[in-house]
Amino acid sequence: MSSEIETHRVQRFFDGITILAQQRMSRLRGIVRNETGVVAKQAFFDQIGSTTMQEKTTRHADTPIIEIPHRRRSVTMRFFETADLVAKSDLLTVINDPTSSYGQVMAMAAGRKIDEIIAAEFFATANTGETGSDTAAFSSDYAIAHGSVGLTIAKVLAAKRILDEAENDPAVKRHAGVSAKQVEDLLNTTEVASSDFNTVKALAQGEINSYAGFNFTRYEGFDVTGNIRDNPFYLETSILVAFGQDVQGQISDRADKSHDQQIYYSFRAGATRMDETGVVKVQNDES
């Protein structure tokens, strides 16, 4: 057979572009407090604390004036963007136009960045006071130590107890941010005979998303130090994300780039923890 046969070897190309594995949308945005239309470099959100009652023990006593505490949280707004170019000359040499796929992966990137912004604030020091120059650190009283084990039913119940003891509003939704490893931990540490097992199994299979009053959301981006991951169990209103500009995408003609097409996505946002009694840090050993 002629050695020139190599010239006739078949090369087959398929239509369509496959987007590789990645988190495709924000997982945390829908389970925290959202504020939109924030037109400011630094946004402030006012709060009112609790007050007390005083017993009246004599007739015609002076009316007691008990000042109600006022608080304020500050959010610094940040701008994020990404873009890429599609050359007209390149479109003449490829089977698949990547323009639409570029927009999809940019929107996915925006969703992941929003999650990063939110996740960073669960246990961070919040900015408070009239000008945002004061601080409020996360309280160690609201932390559950890892105990050299992963997530257990006991830790979930302890987080519930801490939130309950702080007299958080039971009408407000509660959430738990966990990784795939934490769901696996729950299955591995729950006895088959336990009444909890079927619930946790359904949780792992995605048939339900709640347990012990918490709605579970899987997110792999929570902080890990060594083998220890910090997972938040919290009230939906205790974490706030503010948007000055929601995620926007556009395709435009770039005259300065030989009239190539530019795909551009951007948003402007910031986040903060709104209180110290509505967030519990549950540490889990992932080794």
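All of the points below concern the structure found in this document. Quick caveat: nothing in here was measured; it's all calculated off a predicted structure.

Inspection of every chain in the model, using the stated rule, returns 13 salt bridges. The residue aspartate 46 makes a salt bridge to arginine 72 at a minimum N-O spacing of 2.6 Å. Of this pair, aspartate 46 sits in strand β2 (residues 42-48) while arginine 72 is found in strand β3 (residues 70-76), placing the two residues 26 residues apart along the sequence. What makes aspartate 46 exposed here is its relative accessible area of 56%. Residue arginine 72 is classed as partly exposed on the basis of its relative accessible area, which comes to 26%. Glutamate 116 serves as the salt-bridge partner of lysine 113, at 2.9 Å between the closest nitrogen and oxygen. On the criterion of helical spacing, the pair formed by lysine 113 and glutamate 116 is a turn pair, its members being three residues apart in helix α2 (residues 99-119). With relative accessibility at 29%, the residue lysine 113 sits in the partly exposed group.

Here we come to the sheet that holds strand β13 (residues 239-254). The strand order across the open sheet formed by four strands is β1-β13-β14-β4, and the pairing between neighbours is mixed. For this open sheet the edge positions go to β1 (33-35) and β4 (78-86), each flanked by a neighbour on one side alone. For this sheet, the mean inter-axis angle between neighbouring strands, taken without regard to orientation, is 25°. One ladder, built from three bridges, connects β1 with β13; its direction is parallel. Across the sheet, arginine 33 pairs through a bridge with leucine 240, a residue of β13.

Another point: the packing of aromatic side chains. As enumerated under the stated definition, the model contains eight aromatic pairs in all. Arranged with centres 6.2 Å apart and planes meeting at 45°, the rings of phenylalanine 122 and phenylalanine 123 form a pair that is tilted. Each of the two residues, phenylalanine 122 as well as phenylalanine 123, counts as buried. An aromatic cluster is defined as three or more aromatic residues linked by ring pairs; in this entry it consists of Phe122, Phe123, Phe138, Tyr219, Phe222 and Tyr234. Sitting above the plane of the phenylalanine 243 ring, arginine 29 keeps its charged end 4.0 Å from the centroid. Seen from the ring of phenylalanine 123, lysine 281 lies directly overhead, with NZ or CZ sitting 5.1 Å from the centre.

The next subject is the packing of helix α4 (residues 180-189) against helix α5 (residues 197-204). As a packed pair, α4 and α5 sit with axes 9 Å apart at the nearest point and diverge in direction by 155°. It follows that α4 is roughly antiparallel to α5 by the angle criterion. Once α4 is placed against α5, the crossing between them reads as left-handed. Along its contact with α4, which presents Val183, Leu186 and Leu187, the element α5 presents Phe197, Val200, Lys201, Leu203 and Ala204. A breakdown of the residues in the contact of α4 with α5 according to their chemical character gives seven nonpolar, no polar and one charged.

So, about the nonpolar core. Membership of the largest hydrophobic core comes to 45 residues, with the highest contact counts inside it found for Phe122, Phe216, Phe233 and Val280. No other element matches the six residues that helix α3 (residues 153-165) contributes to this core. Sequence-distant contacts of phenylalanine 122, that is, excluding residues within four places in its chain, are made with Leu28, Phe138, Phe222, Pro232, Tyr234, Ile239, Arg273 and Val279. Counting residues in hydrophobic clusters, the runner-up holds eight residues, among them Val38, Val75, Ala242 and Met274.

A few words now on the pairing of β13. For β13 and strand β14 (residues 260-273), the ladder comprises 13 bridges, and the chain directions are antiparallel. Across the sheet, the residue bridging to glycine 249 is tyrosine 265, located in β14. Counted between consecutive antiparallel strands, the loop separating β13 from β14 contains five residues, among which serine 258 sits at a positive phi close to 60°.

Here leucine 151 is to be found in the loop between β7 (143-144) and α3. Judged by relative accessible area, which is 0%, leucine 151 ranks as buried. For the pair leucine 151 and lysine 181, spaced 30 residues apart in the sequence, the C-alpha separation amounts to 8.5 Å. Sequence-distant contacts of leucine 151, that is, excluding residues within four places in its chain, are made with Val156, Val178, Gln182, Asp185, Leu186, Thr189, Phe216, Phe233, Val282 and Asn284.

Basis of the calculations
Residues numbered from 1 in each chain as written. Predicted model: local features only at pLDDT ≥ 70, side-chain atom pairs only at ≥ 80, totals over all residues. Heavy atoms only, no water. Salt bridge = Lys/Arg side-chain N within 4 Å of Asp/Glu carboxyl O. Helix = DSSP H or I, 4+ residues; strand = E, 2+ residues; numbered from the N terminus. Buried < 20%, exposed > 50% of the residue type's maximum accessible area, 1.4 Å probe, protein only. Pairing = 2+ DSSP bridges. Axes fitted to C-alpha atoms, helices over the stretch in contact; angles between N-to-C directions. Phe/Tyr/Trp six-rings, centres within 6.5 Å; stacked < 30°, edge-to-face > 60°. Lys NZ or Arg CZ within 6 Å of the ring centre and 35° of its normal. Parallel < 35°, antiparallel > 145°, perpendicular 65-115°, else oblique. Left-handed = near helix turned anticlockwise from the far one by under 90°. Contact = heavy atoms within 4.5 Å. Nonpolar A, V, L, I, M, F, W, Y, C, P; charged D, E, K, R; others polar. Core = buried A, V, L, I, M, F, W, Y, C linked by side-chain atoms within 4.5 Å.

Geometric values such as these leave the question of function open.
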